[in-house]
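The chain contents come next:
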Amino acid sequence: MKVVFHLDLDEEKILRIALTNMENLRAAKPEARINLVVNGPAVKFFRADFAEEHINRVKGLLDKGVMVFVCQNALRAFDIPEEDICPGCETVAAGVVALIKLQQQGCAYIKP
């Protein structure tokens, strides 16, 4: 099972739903390949200094093998240096390209 979650809005309610979805999926299907692509204003949530509650959940998911990809275009647009994102997250040149590639690799697309 392969899946890509997509976050692009800076709405904490949607972030919480996405994190919960990924945690539940990991618990139900530990072998699942789970990816998260973050672009647009949602990149603000992935700053290492963002709300501790959310960052701790992201780190927990990273520790369990979830891959988090953060769009460099969005980081530039919101003036966030790459070194300020949560450790363990990877940057990609363009979030939309990462979404396409992951779907071409057979990932189901989920947008909370």
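Report on the accompanying structure. Numbers given for residues are sequential positions, taken from 1 along each chain in its written order. Local features are withheld for residues below a pLDDT of 70 in this predicted model, meaning they are given only at 70 or higher, and side-chain atom pairs are given and counted only at 80 or more; totals for whole chains, interfaces and linings count all residues. No hydrogens and no water enter the side-chain calculation; it runs on all heavy atoms of the structure.

**Focus on the overall build of the protein chain**
- Counting its secondary structure elements, the protein chain contains 4 helices and 5 strands.
- A compact globule built from 112 residues would reach a C-alpha radius of gyration of about 13 Å, and the protein chain, at 13 Å, matches this within 12%.
- Taking the principal axes of the C-alpha coordinates as reference, the protein chain spans close to 35 × 30 × 20 Å.
- Exposed residues in this analysis have more than 50% of their type's maximum accessible area, buried residues have under 20%, and partly exposed residues fall in between, with area computed by a 1.4 Å probe over protein chains only. Counting over 112 residues, the protein chain shows a buried share of 43%.
- The contact criterion used throughout is that any non-hydrogen atoms of two residues lie within 4.5 Å. For the protein chain, contacts bridging at least 24 residues in sequence account for 74% of all contacts bridging at least 6. Put simply, DSSP H or I for four residues or longer makes a helix, DSSP E for two residues or longer makes a strand, and each gets a number counted from the N terminus. Restricting the calculation to C-alpha atoms gives the radius of gyration, and the globule rule supplies 2.2 Å times the number of residues raised to the power 0.38.

**Notes on the sheet that holds strand β4 (residues 90-92)**
- Paired strands, in this sense, are two strands between which DSSP finds at least two bridges. Read from one edge of the open sheet, 5 strands run β4-β3-β2-β1-β5, paired in parallel fashion. Of all strands in the sheet, those with a lone pairing partner are β4 and β5 (108-110), marking the two edges. Each neighbouring strand pair of the sheet contributes to a mean axis angle of 25 degrees, computed without reference to strand direction. Only the stretch in contact is used when a helix axis is fitted, and all axes are lines through C-alpha atoms; the angle between N-to-C directions ranges over 0 to 180 degrees.

**What about the pairing of strand β2 (residues 33-38)?**
- Most of β2 is tucked away, with 5 of its 6 residues classed as buried.
- With its strands directed away from the observer, a crossover is right-handed exactly when the path from the first strand over the helix to the second travels clockwise. Taken together, strand β1 (residues 2-7), helix α1 (residues 12-28) and β2 form a β-α-β motif whose crossover is right-handed.
- In this sheet, strand β3 (residues 67-71) lies alongside β2 in parallel orientation, the contact comprising 4 bridges. Looking across to β3, one finds that Val37 is bridged to Phe69.
- One crossover worth recording links β2 to the parallel β3 by way of helix α2 (residues 52-63), and it is right-handed.

**A word on helix α4 (residues 95-104)**
- Restricting attention to buried positions, one finds in α4 the residues Gly95, Ala98, Leu99 and Leu102. In an axial view of α4, the angular spread of the buried residues amounts to 100 degrees, which keeps them on one side of the axis.
- Its buried side turned inward, α4 meets β1, β2, β3, β4 and β5.
- One or two positions beyond α4, positive phi appears at Gly106, with a value near 100 degrees. Summarising the geometry, the arc corresponds to the directions from the helix axis toward the C-beta atoms.

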